[in-house]
Structure formats: C-alpha cells, structure tokens
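# Working through the structure, step by step
Listed below are the residues making up each chain.
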Amino acid sequence: MTKKSIIKARALLGLMLLFGAAFFSAGVSSRGNDETLIEFVALLGAPNYSVEKHSDAIEMRNTYLSNYTSELQNQPLFVPVSEEYATQLSDFNYLTRNIFLVDPRTKLLETDIDAAEFLAKDFTIDTSEGPQVLIIHAHSMEMFADSDPSDPFTGVFGVGRRLAEILEQQHSLEVLHHTERFDVVNGIPNRQGSYERLEPAVRRILADNPSIQVVIDLHRDGVGAHVAPMVTYIEGERAAQIMFVNGLSRRYRSGVITPVNYLPNPYQRENLAFSMNLQLAANQMYPGLARRVYLLEFRYSLHMAPRSILLEVGAQNNTFQEALNAVPAIANIIAAVVLGE
C-alpha cells in the first residue's frame, strides 16, 4: 500500500488526534489584512491607499493573531489514531475548528466542504513528460528576520528554489521556478496589483507547458510584532510552520454573504480539496508543522489550475534557515499527495 493510500485510509477511519489547539496557531495571514484591503480599496478608486495607515486593519490583525509557538518534536510517520476521528471529519463544526480557519470577513458554507468526497479525489499527476510543477511568487519582496534586503534569494525566492531542488532531486519531479517580480514595478516595490500582473505570466507558462499540473504560489506570512516565531521541530531542527491558504470569492459583512463575482474561480472546490488532502497529510506526517488552512474572501492566484495552492512558509519573524528547514517536509507532503509516495 502506498503512503497516499495509507494516508487516505487512515483519514477515513480516523487520521489522528490533533495534539492540542496550541499546536495549530490561529494566526491571521497577511493575505487577509494587507492584500484583501489594498485590492478592495483600490477597486473603489483609491490607488494610493496604504494598509499600514489603516488603524482598523492593524487592530483587526492584532485581535485575530495567535501568539502560540509550537515547540514539538517530530513524530513518527502514521501515528496511531482515534477510532472516533472518522465521524469527526464528517462534522462541519469540527472541520471549522480543527482543519480550517475562516477569516471573519468571509463565510464557509457546509456545501463547500465534503470530507468524504475530498478524500476520495485522486490528485496524483502524470509524470511521463515535461515539467509537472510550477512555483511562483506573487510577493517576491517577502523576506525573513535575517534576510539580506539586497538578495531576494534570502527570502521567499530562496525557499522556492530549495523546494524546486528537493522535488526534483528526491522525488523526480520536473519543476519550473519562475522568479519574475510581480510586486516590483519599474524598480519600485508595489504590492498593489501584483496578482493581476501575475496572471498573464502564469497563463503563458501554462499554455507553453501543458504538462504542468501543480501550481504553488509561495509566500511567507506577515504577523503582528507581538507574535512569537511560529516553529516546530523536524529531526531536531527548528522549522518554520507553514499554512495553506484558499480564497472563497465571497464576502461576509454584518451577517450578509455577497459573492465576489468579479473574481470567479472555477476550481474553488478542487483547490479546497487539494488543500485539505495536503493538510491531513501534513498533520499525520509532521504534526505541528501546518497551521490550519486559512480561508479568505478573494481568490488570489488559485483560479488557473485545479491543483493550485497558496503556501505560506513561516513569517517575517522567522529566520531564513527556519524556513529552509521546513522545505524537505513540504516536499514530502506534496509528494505523498501528488505521487502517492
């Protein structure tokens, strides 16, 4: 039996007991407080809007961020599981407390998630020819606590490069690592509009390389100054925690749900299923590594392929080495889902 089939079987029969709420921090992603507000206000005609000047956004960030730090020893693969977990996964309330973290500005509906359906999906890919994985960075300027500001490869670019290397060298996947800077315009940092600038480039790459089946938009999170570095231990080394992010193209304000129709995502259900499979694999293979899947109101870069993920590796207060230490585990998690390893 393959690792993937074991993961799915154990998920259906009871993947694992979560090791306490503190192990899965409930931090709110920078996607939620920076990009969403910047993009929304820009649509209203305020192109010079700066989220750093928006006191409400800062207050919201500090209200919802968790200051948990997970210091966990890496656990054996395929730990014993509770017999009750199978029924827990079918409970929508359980999923929203333990697997998904829903931003207060959007709304997850019970019809969005079907654990049995999602776990039954086959996300294995064809590796017969051509590149299979594309790694991109909507925000190339995202750096770590000890990054060299003059060298983007000491930030998320470097994490992406290392992930590409491990996927190729250890899992025999062919990877394209695209290093165009979508948050730099005429040499000046400009996050506003980065997702719009990213889309034509990604669509061109996908058209030129139809063998690509997995798209990873790799970021690092942005958290409040009071939040301790979010780390776990993998083989005795401090590793930055990771987080999968999904967009629901849906706003929730004052009890009213409003679809974000100008940002459609035909692959939203597949995106959610893909993230859930990756999350459950991560929880079992590396307990404490993955924070809950964070659900936001827009779509980001996830609407161009069904196996698309927005992946946060650490935050600005993690070191670059902590981010790199998480990469082998990330590669193993991806391989478990897309290769059945």
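Source: prediction; values computed, not measured. Along each chain, the written sequence defines residue order, and numbers are assigned to residues from 1. The model is predicted, so local features are restricted to residues of pLDDT at least 70 and side-chain atom pairs to those at 80 or more, both for listing and for counting; the totals for chains, interfaces and linings are taken over all residues. In computing side-chain properties, one takes all heavy atoms of the structure into account and sets aside hydrogens as well as water.

### Some words on the overall build of the protein chain
Cut-off, in case you're wondering: Labels follow the DSSP assignment, with helices taken as runs of H or I lasting at least four residues and strands as runs of E lasting at least two, numbered in each case from the N terminus. Between buried and exposed lies partly exposed: a residue is buried under 20% and exposed over 50% of the maximum accessible area for its type, with that area taken using a 1.4 Å probe on protein chains only. Two residues form a contact once any of their heavy atoms are found within 4.5 Å. Each accessible area value is a Shrake-Rupley result obtained with a 1.4 Å probe; residue values ignore everything except the protein chains displayed when judging cover.
Along the protein chain, the regular secondary structure elements total 10 helices and 13 strands. A buried classification covers 57% of the 341 residues belonging to the protein chain. Look at the contacts in the protein chain between residues 6 or more apart in sequence, and 82% of them connect residues 24 or more apart. Summing over all exposed atoms, the protein chain offers an accessible surface of approximately 13800 Å²; the carbon and sulfur share of this is 52%.

### With respect to the pairing of strand 9 (residues 242–247)
Inclusion rule: Strands were regarded as paired on the criterion that DSSP finds at least two bridges between them.
Counting buried residues along strand 9, 6 of its 6 residues qualify, which places the element largely inside the surrounding structure. Covered by surrounding structure in strand 9 are I242, F244 and N246 together with M243, V245 and G247, the residues of both alternating faces. Of the strand pairs in this sheet, strand 9 and strand 13 (residues 308–315) are connected by 4 bridges, and their pairing is antiparallel. The partner of M243 across the bridge, within strand 13, is E312. Pairing geometry for strand 9 and strand 12 (residues 293–296), over 3 bridges, is parallel. In the strand pairing of strand 12, V245 is matched with Y294.

### Section: the packing of helix 9 (residues 268–285) against helix 10 (residues 320–338)
The condition that has to hold: Angular values range over 0 to 180 degrees, each being the angle between N-to-C directions of two axes fitted as lines to C-alpha atoms, with helices fitted over their stretch in contact. Angle categories are assigned with fixed cut-offs, so that under 35 degrees is roughly parallel, over 145 is roughly antiparallel, 65 to 115 is roughly perpendicular, and the rest are oblique. In this scheme the handedness of a crossing depends on how the near helix is turned from the far one: anticlockwise by less than a right angle means left-handed, clockwise means right-handed.
Running from N to C, helix 9 and helix 10 point in directions that differ by 125 degrees, and their axes come no closer than 9 Å. Relative to helix 10, helix 9 is oriented oblique. Crossing angle aside, the handedness with which helix 9 passes helix 10 is right-handed. Taken together, the residues of helix 10 that come into contact with helix 9 (itself represented by F274, N277, L278, A281, A282 and M285) are N332, I333, I334, A336, V337 and V338.

### As for the pattern of salt bridges
Where we set the bar: Criterion for a salt bridge: a side-chain nitrogen of Lys or Arg within 4 Å of a carboxyl oxygen of Asp or Glu.
Across all of its chains, the model carries 12 salt bridges by this definition. Put simply, E199 and R203 hold a salt bridge, and the shortest N to O gap is 2.8 Å. Residue E199 and its partner R203 are located together in helix 8 (residues 194–208), separated by 4 residues, close to a single helical turn. Between E297 and R251 there is a salt bridge; the shortest N-O distance is 3.4 Å. With a gap of 46 residues between them, E297 in the loop between strand 12 and strand 13 and R251 in strand 10 (residues 250–253) connect regions that are remote in the sequence. Within the structure, one salt-bridge network assembled from shared partners comprises E117, K121 and R269.

### Some remarks on the side chain of D103
Which entries qualify depends on this criterion: In the analysis that follows, any N or O atom pair within 3.5 Å is treated as a polar contact, provided that within protein one partner can donate a hydrogen and the other can accept it, and provided that, for residues neighboring in sequence, both atoms belong to side chains.
Within the element layout of this structure, D103 appears in the loop between strand 1 (100–102) and helix 6 (115–120). Looking at D103, its side chain comes within polar contact range of the side chain of R105, at 2.7 Å. Side chain to side chain, D103 and Y294 meet in a polar contact 2.3 Å long.

### Some points on the environment of Y262
Its place among the elements puts Y262 in the loop between strand 11 (256–259) and helix 9. Accessibility expressed as a relative area gives 41% for Y262, which makes it partly exposed. Counting along the chain gives 13 residues from Y262 to S249, while the straight-line C-alpha distance between them is 8.7 Å. A distance of 2.8 Å separates a polar atom in the side chain of Y262 from a polar atom in the side chain of R251.

### Structural notes on the packing of helix 7 (residues 156–171) against helix 10
Operational definition: Only Asp, Glu, Lys and Arg are considered charged in this grouping, and only Ala, Val, Leu, Ile, Met, Phe, Trp, Tyr, Cys and Pro are considered nonpolar; every other residue, Gly among them, is considered polar.
Taken N-terminus to C-terminus, the directions of helix 7 and helix 10 make an angle of 40 degrees; their axes are 9 Å apart at the nearest point. Taken together, the axes of helix 7 and helix 10 lie oblique to each other. As helix 7 packs across helix 10, the resulting crossing turns out to be right-handed. Of the residues in helix 10, those touching helix 7 at G158, V159, R162, L163, I166, L167 and H171 are F320, A323, L324, V327, P328, I330, A331, N332, I334 and A335. Looking at side-chain class alone, the contact of helix 7 with helix 10 contains 13 nonpolar, 3 polar and 1 charged residues.

### Brief notes about unusual backbone geometry
The backbone of S172 sits at a positive phi, close to 60 degrees, despite the residue not being glycine. Checked against the element boundaries, S172 lands in the loop between helix 7 and strand 3 (175–177). Located in the positive-phi region is S249, a residue other than glycine, with phi close to 50 degrees. Locating S249 in the fold gives a position in the loop between strand 9 and strand 10.

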